[in-house]
Amino acid sequence: MSVSTFKHVFGPVRSRRLGRSLGVNNVPYKTCTYSCIYCQLGRTTNLTVERRTFYSLESTVSEVSEFIGSVSEDVDYVTFVPDGEPLLDINIGREIFEIKNRVPKPVAVLTNASLLFREDAREDLLNADFVSVKIDVLKEGTWKIVNRPHPDLKLTDILEGVEEFAKIFKGKLTTETMLVNDFNTNLDELRVIASFIRSLNPWKVYVAIPVRPPAEAYVKPPTPEKLVEIYALFSDKLGEDRVELLNLPEPPEFYVYGDPENWLLNLVSVHPMRLSHALIVLEKTVKDPESFIRRLAERCEISLVNFAGEEFIVRRFSR
Ligand code: SF4
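Calculation notes
Residues numbered from 1 in each chain as written. Predicted model: local features only at pLDDT ≥ 70, side-chain atom pairs only at ≥ 80, totals over all residues. Heavy atoms only, no water. Helix = DSSP H or I, 4+ residues; strand = E, 2+ residues; numbered from the N terminus. Buried < 20%, exposed > 50% of the residue type's maximum accessible area, 1.4 Å probe, protein only. Contact = heavy atoms within 4.5 Å. Phe/Tyr/Trp six-rings, centres within 6.5 Å; stacked < 30°, edge-to-face > 60°. Lys NZ or Arg CZ within 6 Å of the ring centre and 35° of its normal. Axes fitted to C-alpha atoms, helices over the stretch in contact; angles between N-to-C directions. Parallel < 35°, antiparallel > 145°, perpendicular 65-115°, else oblique. Left-handed = near helix turned anticlockwise from the far one by under 90°. Nonpolar A, V, L, I, M, F, W, Y, C, P; charged D, E, K, R; others polar. Domains from an automatic or database assignment. Buried area = accessible area lost by both parts, 1.4 Å probe. Salt bridge = Lys/Arg side-chain N within 4 Å of Asp/Glu carboxyl O. Polar contact = N/O pair within 3.5 Å; in protein donor to acceptor, adjacent residues only side chain to side chain.

So, the environment of Glu 163
- Relative to the assigned elements, Glu 163 resides in helix H5 (residues 155–168).
- The class for Glu 163 is partly exposed, based on a relative accessible area of 32%.
- When the C-alpha atoms of Glu 163 and Phe 196 are compared, they prove to be 9.1 Å apart, with 33 residues separating the residues in sequence.
- Filtering out sequence-adjacent residues up to four positions away, Glu 163 remains in contact with Phe 196, Ser 199 and Leu 200.

Printed below as a string of structure tokens:
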């Protein structure tokens, strides 16, 4: 099978969470339990909660093993990240098991978590190495507005299922919260969300913003100021090391390597950084760190945002 004939795998794409990630598309386009207002794939055309077979298990698994067989060193993770909800595929548990049997790569699943109230769905994920669960809101009313779930779903059941899964899953559990300005950016609600996330004891907590055209034109990312506030709130509740911003370029380490400008822009894309800290780190590689930062601000690459008495550098983003 040549690479061009693959139907169920794509990439590998560079992913900040997973390195070089070979995507597995195990459900048809826009087959989902949700129709999120921010979905970059547009509105859901097949809104369903029925778990079933979409493709033959063997065709999916053999594509993964053939691909890895040809370009093994270019793949860090095999990731179920389809154009819809991966747990709608009733064979996903066996697919994960078979992939892990056939290729020496860890397997990740990015799910909206809406089917985790089902025991079979929770069990299907137990062999994965990395699972990301979506937690955008905890209020029923906001959930219906932001995630637009299938009418058979109940948020309380889903949250209980997520808690149950967090107790039994032995791999890396991560959460993902997509922030839509004025929909789920209320700090009091986010405080409750952060407490719920903390109770799951996840390995990492990702905060995402819409950076690609969303299903609904009224969806906007939070302002940089708001984002810093939310980042600070989450970091405070969950620990700075655990919280990262998603949808933006790969973060480097907290020391300068390579080109200092790229380094700083990449870093502040995911971790708003205290100006004082940046100046100290940059001192070793840049002659005049203050003018270096001022120039980036003048070019609108970064913003300096005052929050809680400190100046933070944040990446400017636009939609
Ligand atoms: S859960 Fe994911 S695929 Fe489904 S509508 Fe929301 S963003 Fe799109």
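Now that the structure is up, let's keep going.
Observations regarding the packing of aromatic side chains
- Scanning the entire structure with this criterion turns up 5 aromatic pairs.
- Centre to centre, the rings of Phe 130 and Trp 203 are 6.3 Å apart; their planes meet at 80°, and the pair counts as edge-to-face. Of this pair, Phe 130 sits in strand S7 (residues 130–134) while Trp 203 sits in the loop between helix H6 (187–200) and strand S9 (204–208), and the two are 73 residues apart along the sequence.
- On the numbers, 4.9 Å between centres and 20° between planes, the contact of Phe 165 with Phe 169 is stacked.
- Given the relative accessible area of 8%, Phe 169 is considered buried.
- Within the aromatic cluster, the residues linked to one another by ring pairs are Tyr 77, Phe 130 and Trp 203.
- Taking NZ or CZ as reference, Lys 204 lies 5.7 Å from the ring centre of Trp 203, over its face.

Description of unusual backbone geometry
- The phi dihedral of Lys 30 is positive, around 55°, even though this residue is not glycine.
- Along the chain, Lys 30 turns up in the loop between strand S2 (19–24) and strand S3 (31–32).
- Positive phi, normally seen in glycine, also occurs at Ala 113, with a value near 75°.
- Among the structural elements, Ala 113 can be located in the loop between strand S6 (107–111) and helix H3 (119–124).

With respect to the packing of helix H9 (residues 275–282) against helix H10 (residues 289–298)
- Two numbers describe how H9 lies on H10: the axes approach to 9 Å, and their chain directions differ by 120°. Put simply, H9 runs oblique to H10. Helix-helix and strand crossings are classified by hand; for H9 and H10 the assignment is right-handed. On H10, the residues that touch Leu 275, Ala 278, Leu 279 and Leu 282 of H9 are Pro 289, Glu 290, Phe 292 and Ile 293.
- Split into classes, the residues belonging to the contact of H9 with H10 amount to 7 nonpolar, no polar and 1 charged.

Some thoughts on the domain arrangement of the chain
- Partitioning the chain into domains gives domain 1 (3–245) and domain 2 (260–315).
- In this structure, domain 1 and domain 2 have C-alpha centres spaced 31 Å apart.
- With 11 residues of domain 1 at the interface, the matching set in domain 2 holds 9 residues.
- The junction of domain 1 with domain 2 conceals about 900 Å² of combined surface from both sides, 74% of it contributed by carbon and sulfur atoms.
- The largest per-residue losses of area from domain 1 upon contact with domain 2 belong to Val 228, Tyr 231 and Leu 245, which jointly make up 50% of the total buried on that side.
- For the pair domain 1 and domain 2, the number of links is 0 salt bridges.
- The interface formed by domain 1 and domain 2 contains 0 residue pairs in polar contact (both at pLDDT 80 or more).
- Broken down by secondary-structure element, the contributors of at least two residues to the side of domain 1 that touches domain 2 are helix H7 (224–238) and strand S10 (243–245).
- No other element matches H7, which puts 6 residues into the side of domain 1 that touches domain 2.
- Residues that form the side of domain 1 that touches domain 2 fall into these classes: 6 nonpolar, no polar and 5 charged.

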